[in-house]
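What follows is the residue order along each chain.
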Amino acid sequence: IKAYIQKHNIDGQQLRNFLEPIEPLTFAARAGNTEVLMLNARQDRIVAQANVEKLAQALPNCKLIWYDADHYTMLWYLLDALTKINEFFAE
């Protein structure tokens, strides 16, 4: 991706404009006061912790849970995550 961006001289603003339709922060306000559960990996190299925290702050009624995992080893926590999701919706 980085090579493509450099090859086509895509600047930061162009990249932001391109990604805006899929950027979760673009739509956070639509959630209003809806309860949101976020399950996240502390060592995630795909979804940065800072971005998770920005989104959580933009969602006023957000329950944030961290796992000691990365993007791929979150699979090890699947049963626990499913339990937490079930409990969240049961409330």
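Scope of this entry: the structure provided in the associated data block. Just so it is clear, the model here is predicted, and its values are computed rather than measured.

**Some points on a nonpolar patch on the surface**
Taken together, Leu75, Trp76, Leu78, Leu79 and Leu82 make up a surface patch of nonpolar side chains, about 630 Å² in accessible area. In this fold, Leu78 is placed in helix α5 (residues 78–90). Owing to a relative accessible area of 41%, Leu78 belongs among the partly exposed residues under this scheme.

**Things to note about the packing of aromatic side chains**
Applying the stated criterion to the full structure yields 2 aromatic pairs. Considering the side-chain rings of Tyr67 and Tyr77, the 5.0 Å spacing of their centres and the 45° angle between planes classify their relative orientation as tilted. Here Tyr67 is found in strand β2 (residues 62–67), whereas its partner Tyr77 is found in the loop between β2 and α5, with 10 residues between them in sequence. Classification of Tyr67 as buried rests on a relative accessible area of 6%. Given a relative accessible area of 25%, Tyr77 falls into the partly exposed group. Centre to centre, the rings of Phe88 and Phe89 are 5.4 Å apart; their planes meet at 80°, and the pair counts as edge-to-face. Judged by its relative accessible area of 14%, Phe88 falls in the buried class. Residue classification places Phe89 among the exposed residues on the basis of a relative accessible area of 67%.

Rules behind the numbers
- Residues take numbers from 1 onward in each chain, read along the sequence in its written order.
- Residue-level local features of this predicted model are given only where pLDDT is at least 70; pairs of side-chain atoms are given and counted only at 80 or more, and the full residue set underlies all totals for whole chains, interfaces and linings.
- Values reported for side chains reflect all heavy atoms of the structure, with hydrogen atoms and water molecules removed beforehand.
- Nonpolar side chains (Val, Leu, Ile, Met, Phe, Trp, Tyr) within 5 Å and like charges within 9 Å form the patches, drawn only from residues with over 30% relative accessible area and no salt bridge.
- Exposure was quantified through the Shrake-Rupley algorithm and a 1.4 Å probe, taking into account, for residues, occlusion by the shown protein chains and nothing else.
- Between Lys or Arg on one side and Asp or Glu on the other, a salt bridge is scored when a side-chain nitrogen of the former is within 4 Å of a carboxyl oxygen of the latter.
- Secondary structure elements follow DSSP: runs of H or I of four or more residues count as helices, runs of E of two or more count as strands, with numbering from the N terminus.
- Classification of residues uses two cut-offs on accessible area relative to the type maximum, computed with a 1.4 Å probe and protein chains only: under 20% is buried, over 50% is exposed, and between them is partly exposed.
- Between the rings of Phe, Tyr and Trp (Trp by its six-membered ring), a pair exists once the centres lie within 6.5 Å; its type follows the angle of the planes, with under 30 degrees stacked, over 60 edge-to-face, and the other angles tilted.

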